[in-house]
Amino acid sequence: MSDSVSAPAPATVTVLLVEDDEVIRRSVAMSLERYGYRVRVAADGLTGLELFREGRHDLVLLDVMLPGLDGIGLCRRIRETATDPILMMSARGDALDVVSGLEAGADDYVVKPVDTAVLVARIRSLLRRAAFVSPAPGPADPATPAGPLLFGDLSLDPAALEVRRGGERIALAAPAELRLLLQFAAHPGIVLDRQTLLREVWDYGWDGDTRVVDLCVQRLRKKIGAERVETVRGFGYKWKR
């Protein structure tokens, strides 16, 4: 892994790394520690789940293929109780791995072997986006809506970060789902291309894999109604007014 990243991470950031390959585990941990991250490691899914439940972590970095409880299963277990950013690692980058990981609630993924610069940039992007879930802005903030946004039977409260459909609260599996929904709701009737969504939702400063966008849209449609997000072929997606 190359080390072309500058500006170390804050020492308070803790990453839980779950990877069964000892060489990769040590290499990734050492690379992240050089940039100021505190890294806790586990060699299998069950140990990773135990460590996750024992303490606070700012981000979880896990491999898809793990002994005992695999990465997909571990991701689902974490999502039952937490919204911590999850970055998955796949040795193949196959569509099946990507789909399974994102549907389980992962926010993003990287393909091994991964360059340190790419890995750290992805981690920083997820941490920056996770930080937006903070106490609601005061009433003096003109950008903050006075109340929930209503789209038929769908209610979206940007201040409380709550989504309801027909009065029932909708549980969103990953922070990226909420960020994507907020992005759509802020631009009703406007076509948003995939690269724009990658930049605004996932904070990519470079071209990323647009499958992340497509799969997140699919997950949202299952929860809020497929008719609310229109596919504009050759361009992107549009939130129906």
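Residues numbered from 1 in each chain as written. Predicted model: local features only at pLDDT ≥ 70, side-chain atom pairs only at ≥ 80, totals over all residues. Heavy atoms only, no water.

Caption draft 1: The arrangement of the packing of helix 6 (residues 175–185) against helix 7 (residues 194–201) in detail. Look at helix 6 against helix 7: their axes get within 10 Å of each other, and the N-to-C directions meet at 120°. Considered as vectors, helix 6 and helix 7 are oriented oblique to each other. Considering only the axes of helix 6 and helix 7, their crossing is right-handed. Here Ala 176, Arg 179, Leu 180, Gln 183 and Phe 184 of helix 6 come into contact with helix 7, specifically with Leu 197, Glu 200 and Val 201. For the contact of helix 6 with helix 7, a count of residues per class yields five nonpolar, one polar and two charged. (Axes fitted to C-alpha atoms, helices over the stretch in contact; angles between N-to-C directions. Helix = DSSP H or I, 4+ residues; strand = E, 2+ residues; numbered from the N terminus. Parallel < 35°, antiparallel > 145°, perpendicular 65-115°, else oblique. Left-handed = near helix turned anticlockwise from the far one by under 90°. Contact = heavy atoms within 4.5 Å. Nonpolar A, V, L, I, M, F, W, Y, C, P; charged D, E, K, R; others polar.)

Caption draft 2: A look at the packing of helix 6 against helix 8 (residues 211–224). Relative to each other, helix 6 and helix 8 sit at 80°, their axes nearing to 10 Å. Considering their axes alone, helix 6 and helix 8 lie roughly perpendicular with respect to each other. Contact with helix 6, carried on its side by Ala 176, Glu 177, Leu 180, Leu 181 and Phe 184, involves Cys 216, Val 217, Arg 219, Leu 220, Lys 223 and Ile 224 of helix 8 and no other residues of that element. A per-class count over the contact of helix 6 with helix 8 returns eight nonpolar, no polar and three charged.

Caption draft 3: Spatial organisation of the confidence of the model for the protein chain. Confidence along the protein chain averages 82 in pLDDT terms, with 84% of residues attaining 70 or more. Every residue in residues 133–145 is under pLDDT 50, and counting partners more than four places away or in other chains gives four contacts. (pLDDT = per-residue confidence, 0-100.)

Caption draft 4: Up close: the sheet that holds strand 3 (residues 59–63). Read across the sheet, five strands follow the order 2-1-3-4-5 without closing on themselves; strand pairing throughout is parallel. For this open sheet the edge positions go to strand 2 (38–42) and strand 5 (108–111), each flanked by a neighbour on one side alone. Taking each pair of neighbouring strands and ignoring which way they run, the sheet shows an average axis angle of 20°. Pairing geometry for strand 1 (residues 14–18) and strand 3, over four bridges, is parallel. Along strand 3, the bridge assignment pairs Val 15 with Leu 59. Contacts from helix 3 (residues 71–79) reach strand 1, strand 3 and strand 4 (86–90), with the element oriented near 175° to strand 4. (Pairing = 2+ DSSP bridges.)

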